[in-house]
Protein chains: 2
Amino acid sequence: MYHSAAIMTPDPQHPWPVAPAGGETRVLRPHAHLFYAGDEATHFFEILQGAVRSCKLFADGRRQIVAFGFTGDIVGFGHGETYRFDCDALAETRVRVIARSELMRAVRARPELGERLLEIAAGEVATMQDLSILLCRKTALERIATFLVAMAERHRGNAVGTRTPLPMGRADIGDFLGLTIETVSRTMTRLRALRIIDLPDRGGFAVRDMAALRGVAECEEYLH
Amino acid sequence: MYHSAAIMTPDPQHPWPVAPAGGETRVLRPHAHLFYAGDEATHFFEILQGAVRSCKLFADGRRQIVAFGFTGDIVGFGHGETYRFDCDALAETRVRVIARSELMRAVRARPELGERLLEIAAGEVATMQDLSILLCRKTALERIATFLVAMAERHRGNAVGTRTPLPMGRADIGDFLGLTIETVSRTMTRLRALRIIDLPDRGGFAVRDMAALRGVAECEEYLH
DNA sequence: CGGTGTGTTGAGGCACATCAAGCCAGGTGG
DNA sequence: CCACCTGGCTTGATGTGCCTCAACACACCG
């Protein structure tokens, strides 16, 4: 029961404390899988470049994307015997492979690492709680706005007007936010019509009015 | 950023490894708060008897119950400076108080405790992911069924026909599952009409057909 | 008795899903 | 070069599940 394949985003101020600088790296083509649900959880993966998605599939075809992972994230931080979710690459992706046993050895040798990992895990819980709230209480407009704010913040050049890439398709965004592709599309169009974002091309967006976007994301009822 | 006040449910097979057998206990009347969002997170609390709810409040009045805590659960396992959520008692509740510093000291002395805590934290992440899926992808009927299955399983005497108490009100269930009280009420009534559960009184329910309840919870489309 | 808080039931509306076209860019082959 | 296909995205029309608003039932309590 106690395992997870969530994506951990280290605090930029306290970078991931363990990942060895060396170590094996692996290159994934788009749609290549890092692991499947049920696989033995022997490794973590640090994303050096590219992007991945972690998703759960249901018997009836429904799909929930649990998290996206970008450069600097760690995926597969699952502490049970098996991964809980599938994880595959959105684009060409380079990862560093970290053996679980190696990390555990390091924790035993330096207990402060364990403390740090606990903090990271707690942060992950917090992230998931925020996601629950997002999915539960927010409208489509608020969800998309929240997602775009998060994406823009992650992206280095998140100055207003700068293009932020969206390496995932509309279907992925929908399956992450609990919306259909049509609603994702319509809502993005609506944000553009409100002059809050630009949609210069398919694979990206640009924020025109960050304050307004945050306002929508935070449920301020700017818009009736 | 890295903190959380989620409720941790230890695996019954590997009970919580740290809580000292002795230690201060505290008794809470209904609606008495264990802590508030923003308070300095100096303690954890092991619930010895009773039930609590952990919830996040929004400026616009919306409320999300993040978790319920029952006998044996640990609340306030948050690793930042402050709690992220309010936590208060649903009924008269007895808790054991555990100082954060004490736990951290124990982790430093015995690194295997840290590993165990990491597993618990990972389990908590998994629980939250399941909750996301619940809130995102399931219908009202599926949500209520999932909730009732979980409640029946927690309760010792969960044999078919046995009453399981529901110490929280309809509003709490609604704020946990992302539904209104009316929908909660209607959906429970519907499950009774389907002869899957009984509703002998306000504060409890009994499962008449566990297989059917699980079927509904697992999105099997028994009911068009 | 009325007052209050909680739960149930009913009528109607709205946000998002569903179903269905159509658009556009990229690729392929003649 | 154009004709054609394909996959992802957008846009429109309609349906529906849950929310909203409203009334009522019931227990508890002064």
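Above this text you will find the structure in question.
This is a predicted model, so every value here is computed, not measured.

Chemist: Explain the nonpolar core to me, please; I cannot follow it from the model alone.
Modeler: One recurring pattern in soluble globular proteins is that nonpolar side chains are buried together. Core analysis: the largest hydrophobic core is formed by 81 residues, its most contacted members being A:Phe147, A:Leu148, A:Leu213, B:Phe147, B:Leu148 and B:Leu213. Leave out the neighbours within four places in its chain, and A:Leu148 touches A:Leu166, A:Met188, A:Leu191, A:Ile197, A:Phe205 and A:Leu213. In terms of nonpolar packing, the next biggest core, distinct from the first, is built from 20 residues, A:Ile74, A:Leu103, B:Leu118 and B:Ile120 among them.

Chemist: Would you mind showing me how to read the protein's contact with DNA strand C here?
Modeler: As a matter of local geometry, DNA strand C sits amid 15 residues, with A:Ala140, A:Thr183, B:Arg170, B:Ser185 and B:Arg186 nearest to it. In DNA strand C, atoms within 4 Å of the protein come from the sugar-phosphate backbone in 61% of cases. A distance of 2.5 Å separates a phosphate oxygen of DNA strand C from a polar atom in the side chain of A:Thr183. The separation between a base nitrogen of DNA strand C and a polar side-chain atom of B:Arg186 is 2.7 Å. Listed by contribution, the elements that provide at least two residues to the surface near DNA strand C are helix H5 (181-193) of chain A together with helix H5 (181-193) of chain B. Tallying contributions element by element places H5(B) first for the surface near DNA strand C, with four residues. Of the residues contributing to the surface near DNA strand C, the split by class is two nonpolar, seven polar and six charged.

Chemist: What exactly am I supposed to notice about the packing of aromatic side chains here?
Modeler: The description of two aromatic rings rests on the distance between their centres and on the angle between their planes. What the rule picks out here adds up to eleven aromatic pairs over all chains. With 6.0 Å between their ring centres and 25° between their planes, B:Phe35 and B:Phe45 make a pair best called stacked. With a gap of ten residues between them, B:Phe35 in strand S2 (residues 33-35) and B:Phe45 in strand S3 (residues 43-49) connect regions that are remote in the sequence. Assessed through its relative accessible area of 3%, B:Phe35 is described here as buried. One aromatic cluster in this structure is built from A:Phe68, A:Phe70, A:Phe147 and A:Phe176.

Chemist: I keep staring at the interface of chain A and chain B and nothing clicks. Help me out?
Modeler: Often, the extent of an interface is quoted as the loss of accessible area on bringing the components together. Each partner contributes residues to the interface: chain A has 53 residues there, and chain B has 53 residues. Between chain A and chain B, the buried area comes to about 4,400 Å², and carbon and sulfur atoms account for 64% of it. The tally of links from chain A across to chain B stands at zero salt bridges. Across the contact surface, chain A and chain B share six residue pairs in polar contact (both at pLDDT 80 or more). At the level of secondary structure, the elements contributing two or more residues to the side of chain A that touches chain B comprise strand S5 (63-70), helix H1 (100-109), helix H2 (111-137) and helix H4 (170-177) of chain A.

Chemist: Would you take a moment to explain the sheet that holds strand S7 (residues 86-89) of chain A for this structure?
Modeler: Hydrogen bonds between backbone atoms are what pair the strands of a sheet, whose relative direction is either parallel or antiparallel. One open sheet holds the four strands; their spatial order is S2-S7-S4-S5 (chain A), and the pairing between them is antiparallel. If you trace the sheet from one side to the other, it starts and ends with strand S2 (33-35) and S5 of chain A, each paired once. Pairs of neighbouring strands in the sheet enclose a mean axial angle of 30°, with direction left out of account. Two strands pair when backbone bridges link them, and S2(A) and S7(A) are joined in this way by two bridges, in the antiparallel orientation. Counted as the bridge partner of A:Phe35 is A:Cys87 from S7(A). The strands that H4(A) touches are strand S4 (51-57) and S5 of chain A; relative to S5(A), the one it contacts most, it runs at about 110°. Of the strands in this sheet, S4 and S5 of chain A touch helix H2 (residues 111-137) of chain B, which is tilted by about 125° from S5(A).

Each value, and the rule that gives it
- Residues numbered from 1 in each chain as written.
- Chains lettered and ligands numbered in written order.
- Predicted model: local features only at pLDDT ≥ 70, side-chain atom pairs only at ≥ 80, totals over all residues.
- Heavy atoms only, no water.
- Core = buried A, V, L, I, M, F, W, Y, C linked by side-chain atoms within 4.5 Å.
- Buried < 20%, exposed > 50% of the residue type's maximum accessible area, 1.4 Å probe, protein only.
- Contact = heavy atoms within 4.5 Å.
- Near = heavy atom within 4 Å.
- Polar contact = N/O pair within 3.5 Å; in protein donor to acceptor, adjacent residues only side chain to side chain.
- Helix = DSSP H or I, 4+ residues; strand = E, 2+ residues; numbered from the N terminus.
- Nonpolar A, V, L, I, M, F, W, Y, C, P; charged D, E, K, R; others polar.
- Phe/Tyr/Trp six-rings, centres within 6.5 Å; stacked < 30°, edge-to-face > 60°.
- Buried area = accessible area lost by both parts, 1.4 Å probe.
- Salt bridge = Lys/Arg side-chain N within 4 Å of Asp/Glu carboxyl O.
- Pairing = 2+ DSSP bridges.
- Axes fitted to C-alpha atoms, helices over the stretch in contact; angles between N-to-C directions.

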